[in-house]
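Each chain, written out:
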Amino acid sequence: MTSFRRDELPVEDVGHNIAIHITVKYGDKVVSRVLVDGGSRVNISPLSTLWELGIHLREVKESHVRVRAFDGSHKGIIGEIYWAIQIGPVEFPILFQVMDISSSYNLLLGRPWIHMVGAVPSTLHQCMKFVWGFQEIVIHDELSQSSYP
């Protein structure tokens, strides 16, 4: 069972309202500003992230998913793509919906990934935990000094 302790609170203690942004790897490339968002029903990749990683649009498959933005409007999906993303010491095949959007994040990990892994994100503690291979893995916010990778 994964839980958090008071001594794991960031220096700011409870006086912050910061989202969790982690750093991941795709092959030999490091991807920063990956938002972990338990409120999202999909994993999202902005189109610009594909270009930055050197992924060609022909690798994106058709998707019939519709995404509703925070304002309630529907946003178009270019398609979907599976990527092998390394989070901490573990590599996961993750399905991303590709959107041509301007965003403050490079990738968004939503409930599909969080639930698949059984991750427990804590914005209060600025980290997330999950058990993999009988070992508890802790992934700290990218601004934390103990970030991985």
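Predicted model only: the values in this text are computed from it and were never measured.

Caption draft 1: Main features of the overall build of the protein. Counting its regular elements, the protein contains two helices and eleven strands. Along the protein, helices (α) and strands (β) appear in the sequence β-β-β-α-β-β-β-β-β-α-β-β-β when read from the amino end. Expressed as a percentage of the 149 residues in the protein, the buried residues total 41%. Across the protein, every contact between residues at least 6 apart in sequence was considered, and the portion connecting residues at least 24 apart equals 57%. Looking at the protein as shown, the accessible area adds up to about 8600 Å², and 52% of this sits on carbon and sulfur atoms.

Caption draft 2: Seen up close, the environment of Ala119. Among the secondary structure elements, Ala119 is positioned in the loop between helix H2 (111-117) and strand E9 (120-122). Judged by its relative accessible area of 9%, Ala119 falls in the buried class. Setting aside anything within four residues of it in sequence, one finds Ala119 in contact with Trp113, Ile114, Met128, Lys129 and Phe130.

Caption draft 3: Just the packing of aromatic side chains, in detail. Evaluation of the coordinates by the stated rule reveals six aromatic pairs. Measuring from centroid to centroid gives 5.0 Å for Phe92 and Trp132, while their planes differ by 75 degrees, and the two rings are edge-to-face. Remark: Trp132 occurs in strand E10 (residues 127-132) and Phe92 occurs in strand E7 (residues 90-99); sequence separation between them is 40 residues. What makes Trp132 partly exposed here is its relative accessible area of 40%. Here the aromatic cluster, defined as three or more aromatic residues joined through ring pairs, consists of Phe92, Trp113, Phe130 and Trp132.

Caption draft 4: Focus on the confidence of the model for the protein. When pLDDT is averaged along the protein, the result is 86, and 83% of the positions lie at 70 or above. When mean pLDDT is taken per element in the protein, strand E8 (residues 107-109) scores highest with 97 and strand E5 (residues 74-75) scores lowest with 77. For residues 145-149, every residue scores under 50 in pLDDT, and the model assigns this stretch ten contacts once sequence neighbours within four places are set aside.

Caption draft 5: Summary view of a nonpolar patch on the surface. Together, Trp51, Leu57 and Ile78 line one region of the surface with nonpolar side chains, adding up to about 280 Å² of accessible area. Here Leu57 is to be found in the loop between helix H1 (47-53) and strand E4 (67-68).

Caption draft 6: Structural context of the sheet that holds E9. An order of E9-E10-E11 is seen for the three strands of this open sheet, with the pairing classed as antiparallel. The open sheet has two edge strands with one neighbour each: E9 and strand E11 (135-140). Across the sheet, the axes of successive neighbouring strands diverge by a mean angle of 20 degrees, strand direction being ignored. Here six bridges tie E10 to E11, and the two strands are oriented antiparallel to one another.

Cut-offs and rules
Residues numbered from 1 in each chain as written. Predicted model: local features only at pLDDT ≥ 70, side-chain atom pairs only at ≥ 80, totals over all residues. Heavy atoms only, no water. Helix = DSSP H or I, 4+ residues; strand = E, 2+ residues; numbered from the N terminus. Buried < 20%, exposed > 50% of the residue type's maximum accessible area, 1.4 Å probe, protein only. Contact = heavy atoms within 4.5 Å. Areas by Shrake-Rupley, 256 points an atom, 1.4 Å probe, with all protein chains shown as cover. Phe/Tyr/Trp six-rings, centres within 6.5 Å; stacked < 30°, edge-to-face > 60°. pLDDT = per-residue confidence, 0-100. Patch = residues over 30% accessible without salt bridge, like charges linked within 9 Å, V, L, I, M, F, W, Y side chains within 5 Å. Salt bridge = Lys/Arg side-chain N within 4 Å of Asp/Glu carboxyl O. Pairing = 2+ DSSP bridges. Axes fitted to C-alpha atoms, helices over the stretch in contact; angles between N-to-C directions.

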